[in-house]
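Okay, here's what each chain looks like letter by letter:
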Amino acid sequence: MALYLAKRACGLAIVLMVMSFIVFLLQSVIPSDPARAMAGPYAPSSTIETVREEFGLNDPIAVQYGHFLVRVSAGDLGKSVRTRQPVGDDLLRYLPATLELILVSTILAMGLAFSLILLLLSGARSQVLRHVFIALGSTPIILLAVLLAYVFWFSLAWLPGSGRLQFRDFVGTTGFYVIDGLLAGRPNVSVDALAHLTLPAMALALPFAVAVVRSLAGSLHDVMRQPYIRTARGNGLSEAAIVLRHGIRNAASAPLAMTGLQIRLLFGNLLVVETVFGWPGLGLYMTQSFATADLPAILGVSMVFGTIYILVSIAVEIAQSLADPRIEL
Amino acid sequence: MIRGMNGQTNSPARLYEGLRLIGWSGSVGIVGVLLITIVAMLATRLTPHDPYARIAEAYLPPSETHWFGTDEVGRDLFARVLVGVQSTWLASLSVIIFSLVLGSLIGLISGATGGKVDFLVQRIVDLFLVLPSTMIALAAVAVLGPGLLNSIIALAIFWWPWYARVSRDEIRRLYARPHVEAARAAGVPGPRLMLRYLLPGAVPSLIIAATLDVSNMIMALSVMSFLGLGQPAPSAELGAMTARSLDSLTVFWWIPMLPAVALFFLCFFSNLAGDGLRSVLKGT
């Protein structure tokens with residue numbers, strides 16, 4: 001286990017290096033000029049020159065990358081071109097919102113996936129269900145987010161669809177508003193935070209749950225015909241308990257492997273969802289950085305997402321070996 | 001592989017037989033995919049309106065002259081959606097076909113050669129697969145500058161390795177089969193072995209994977225476009241059209257919604273087609 005974690009930590013470092021290097025390499029061929037973007041379109045060339053000097057944009061690309069690595073290892077990610085704040089500070093400010101969203105949507109996705117599996121196993125109208133699943137799996141995140149916002153926010157007004165809280169004055173200590181509300185003794189803040197979380201978390205969770213269930217359904221179909229499932233039924237276990245304890249565990253390997261791959265596609269979803277629902281997290285921060293070609297900010301967010309991605313794939317591998325002890329870490 | 005399709009000689013009967021095997025939903029998918037391709041080829045020729053010109057009042061509701069109404073500038077939304085379908089569909093297909101061809105060939109060579117070459121190629125594929133590719137592609141386009149071509153290139157760079165993996169695994173599986181062994185014993189030269197004895201066996205799996213992957217590519221491209229990394233305004237791209245008209249969602253909901261619905265149909269038909277192909281070729 002320790003050896004495995006050490007290996008994966010090295011892997012994480014390599015992936016982050018590669019990512020930062022790719023983005024840096026691309027920068028050497030960019031047509032757009034960050035100094036120009038920073039100073040504004042009408043700034044005199046002397047101002048642009050000063051900006052270049054200030055941000056070290058005049059050095060050769062290899063020198064810039066060297067400087068960057070030295071700075072990053074000291075915990076300094078540079079200054080954002082757009083917000084003019086250190087990128088590290090920006091990341092810390094927006095990270096809790098994104099983590100809160102990811103955690104809640106993961107929980108939601110698990111619940112959704114489990115209820116969908118039970119629905120599938122009930123076997124009712126399986127051909128209809130199969131096509132409903134294909135349709136759900138074909139729903140682009142843009143349509144899903146816009147539909148959720150329109151129906152549940154504008155039309156029905158059941159749930160809020162913009163921002164994290166309606167209390168403008170509230171300042172949390174941890175940045176996780178659901179927890180902060182409880183810590184501050186204001187449960188109404190927590191409830192409000194949860195209400196604001198529901199729609200964006202739903203938009204993130206649904207495609208993921210559907211993808212997992214479609215993959216799980218295939219392998220579960222075979223597992224549920226095994227003799228040990230019949231034994232469990234004979235022992236009088238409830239169908240839910242059979243699926244949860246005996247079925248999913250044996251069928252989990254293939255869907256887990258797929259999950260690892262699928263997660264890479266979900267970062268795009270996160271950016272879209274945060275944009276549609278005005279969620280002030282890293283995704284929105286990155287989207288806004290795109291418009292200004294804010295390289296330090298883009299790199300910083302990519303590093304954070306890269307880290308999250310690797311951590312998730314480590315968790316997936318551990319889950320795989322827990323579900324099936326034949327898979328060694 | 002495709003049972004019952006070999007005995008027939010005239011093509012309409014073969015087509016009918018093929019569709020019958022694929023089932024009604026798969027047939028709907030394949031017909032839909034063909035229709036979308038035709039629509040994408042014709043695009044602006046299907047409507048009298050100029051997608052880039054202000055031709056009427058802004059925010060007109062759908063009517064007989066303007067099927068989808070007009071957008072926030074007063075351009076015909078139907079014409080713009082058609083242009084968006086054209087660019088999204090053709091771009092997605094080209095990236096998928098590129099990845100399919102390149103990935104299959106690399107997987108074929110890697111799997112058939114084996115040894116050090118196989119090991120090296122597979123480690124490179126591993127590196128690509130372990131990277132958070134969408135993230136890097138997004139960052140790369142943001143740095144290189146927005147545009148459809150840049151999006152296509154960035155996605156294509158990260159898309160082929162998965163096909164290389166699928167192809168290589170299939171080839172390794174086929175390599176152990178008796179007909180390949182017999183061919184090798186008979187002294188069939190390497191290239192011929194690859195193209196005549198190995199590749200045909202891997203084609204069904206690769207075609208299924210590619211068909212089901214089209215919707216992933218459409219979603220990736222539309223996300224990029226939505227985030228402002230596609231062609232700059234005033235060009236008509238489905239993702240960007242939704243993003244730019246998001247403010248009018250409360251009142252003129254169809255303006256941001258219709259381009260997104262068009263995206264849904266592109267994905268839905270290609271997934272139906274892929275699902276139908278899978279049930280025929282894999283027999284599930």
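Scroll up to find the structure this text is about.
It should be emphasised that the depicted structure is a prediction, and the values quoted were computed from it without experimental measurement.

Here we come to the overall build of chain A. On a plain count of helices and strands, chain A comes out with 14 helices and zero strands. The helix and strand sequence of chain A, counted from the amino end, reads α-α-α-α-α-α-α-α-α-α-α-α-α-α. If you line up chain A on its principal axes, its C-alpha atoms span 80 × 50 × 40 Å. Taken over 329 residues, chain A has a buried fraction of 46%. When contacts within chain A are restricted to residue pairs at least 6 apart in sequence, long-range pairs at least 24 apart make up 67% of them. The distance from the centre of the 22 positive side-chain charges to the centre of the 19 negative ones in chain A is 12 Å.

Attention now goes to unusual backbone geometry. What you tend to see is this: most non-glycine residues have negative phi, and most peptide bonds are trans. Look at A:Ala157: it is not a glycine, yet its phi comes out positive at around 55 degrees. If you check the backbone angles, B:Tyr59 has positive phi at about 60 degrees while not being a glycine. If you trace the backbone, B:Tyr59 turns up in the loop between helix H1 (11–42) and helix H2 (77–113). By relative accessible area, which is 30% here, B:Tyr59 ends up partly exposed.

A separate point is the packing of aromatic side chains. Here the structure, examined in full by the defined rule, presents 19 aromatic pairs over all chains. On the basis of an interplanar angle of 45 degrees and a centroid distance of 6.0 Å, the ring pair of A:Tyr150 and B:Trp253 is categorised as tilted. A residue pair is termed interchain when its members come from two chains, as with A:Tyr150 in helix H7 (residues 141–155) and B:Trp253 in the loop between helix H8 (238–244) and helix H9 (254–281). Taken together, the ring pairs in this structure connect A:Tyr150, A:Trp153, A:Phe154, B:Tyr59, B:Phe252, B:Trp253 and B:Trp254 into an aromatic cluster. We note A:Arg164 situated over the ring of A:Tyr177; from NZ or CZ to the ring centre the distance is 4.0 Å. Sitting above the plane of the B:Tyr175 ring, B:Arg172 keeps its charged end 5.3 Å from the centroid.

Of note, B:Arg165 is situated in helix H5 (residues 148–175). Separated by 55 residues in sequence, B:Arg165 and B:Ser110 place their C-alpha atoms 9.5 Å apart.

Let us now look at the interface of chain B and chain A. Across the boundary between the two partners, chain B contributes 42 residues, which contact 48 residues of chain A. At the boundary of chain B with chain A, total buried surface from both sides reaches about 4000 Å², with 80% on carbon and sulfur atoms. Counting the surface chain B buries against chain A, the share from its top three residues, B:Met135, B:Val143 and B:Leu227, is 16%. Measuring nitrogen to oxygen at the nearest pair gives 2.4 Å for the salt bridge that ties A:Arg130 to B:Asp275. Scanning the region where chain B abuts chain A turns up three residue pairs in polar contact (both at pLDDT 80 or more). Where the side of chain B that touches chain A is concerned, the elements lending two or more residues are H1, helix H3 (115–130), helix H4 (133–144), H5, helix H7 (190–226), H8 and H9 of chain B.

Another point: a nonpolar patch on the surface. Residue and element names in this part refer to chain B. The grouping of Val-31, Leu-35, Ile-38, Met-41, Leu-42, Leu-46 and Leu-90 at the surface amounts to a nonpolar patch, some 600 Å² of accessible area in total. A per-element tally of the nonpolar patch places H1 first, with five residues. Along the chain, Leu-35 turns up in helix H1.

Before going further, it helps to spend a moment on the packing of helix H13 (residues 282–291) of chain A against helix H14 (residues 295–323) of chain A. All names here are of chain A. Two elements in contact, H13 and H14, have axes separated by 9 Å at closest approach and are oriented at 150 degrees. Comparing the axis directions of H13 and H14 gives the class roughly antiparallel. Between H13 and H14 lies a crossing whose hand is left-handed. Where H13 abuts H14, its residues Leu-282, Gly-283, Tyr-285, Met-286, Ser-289 and Phe-290 lie against Ala-297, Ile-298, Val-301, Ser-302, Val-304 and Phe-305. Of the residues contributing to the contact of H13 with H14, the split by class is nine nonpolar, three polar and no charged.

A word on the nonpolar core. Nonpolar side chains in soluble globular proteins tend to be buried together. Judged by nonpolar contacts, the single largest core of 168 residues is most densely connected at A:Phe277, A:Met286, A:Phe290 and A:Phe305. Take this core: its biggest share by element is 17 residues, from helix H9 (residues 187–223) of chain A. Setting aside anything within four residues of it in sequence, one finds A:Met286 in contact with A:Leu271, A:Ile298, A:Val301, A:Ser302, A:Phe305, B:Met135 and B:Ala139.

Residue and element names in this part refer to chain B. Mapped onto the secondary structure, Gly-84 falls in helix H2. In the structure, Gly-84 is positioned 46 residues away from Val-130 in sequence and 32 Å away in space, judged by C-alpha atoms. If sequence neighbours within four positions are ignored, Gly-84 has contacts with Ala-236, Glu-237 and Leu-238.

Below, the discussion takes up H3(B). Between its terminal C-alpha atoms H3(B) stretches 22 Å, which fits the 22 Å expected from 16 residues at 1.5 Å a residue. All of the buried residues along H3(B) are B:Asp118, B:Val121, B:Gln122, B:Val125, B:Phe128 and B:Leu129. Looking straight down H3(B), one finds that the buried residues subtend no more than 110 degrees of arc, so they occupy a single side. The outward face of H3(B), more than 90 degrees from its buried face, is lined by the exposed residues B:Lys116, B:Phe119 and B:Leu120. Elements in contact with the buried residues of H3(B): helix H12 (253–276) and H14 of chain A together with H2 and H5 of chain B.

Reading guide: rules and limits
Residues numbered from 1 in each chain as written. Chains lettered and ligands numbered in written order. Predicted model: local features only at pLDDT ≥ 70, side-chain atom pairs only at ≥ 80, totals over all residues. Heavy atoms only, no water. Helix = DSSP H or I, 4+ residues; strand = E, 2+ residues; numbered from the N terminus. Buried < 20%, exposed > 50% of the residue type's maximum accessible area, 1.4 Å probe, protein only. Contact = heavy atoms within 4.5 Å. Lys, Arg positive; Asp, Glu negative; His and termini not counted. Charge placed at Lys NZ, Arg CZ, Asp CG, Glu CD. Phe/Tyr/Trp six-rings, centres within 6.5 Å; stacked < 30°, edge-to-face > 60°. Lys NZ or Arg CZ within 6 Å of the ring centre and 35° of its normal. Buried area = accessible area lost by both parts, 1.4 Å probe. Salt bridge = Lys/Arg side-chain N within 4 Å of Asp/Glu carboxyl O. Polar contact = N/O pair within 3.5 Å; in protein donor to acceptor, adjacent residues only side chain to side chain. Patch = residues over 30% accessible without salt bridge, like charges linked within 9 Å, V, L, I, M, F, W, Y side chains within 5 Å. Areas by Shrake-Rupley, 256 points an atom, 1.4 Å probe, with all protein chains shown as cover. Axes fitted to C-alpha atoms, helices over the stretch in contact; angles between N-to-C directions. Parallel < 35°, antiparallel > 145°, perpendicular 65-115°, else oblique. Left-handed = near helix turned anticlockwise from the far one by under 90°. Nonpolar A, V, L, I, M, F, W, Y, C, P; charged D, E, K, R; others polar. Core = buried A, V, L, I, M, F, W, Y, C linked by side-chain atoms within 4.5 Å. Expected span 1.5 Å × (residues − 1). Arc of directions from axis to C-beta.

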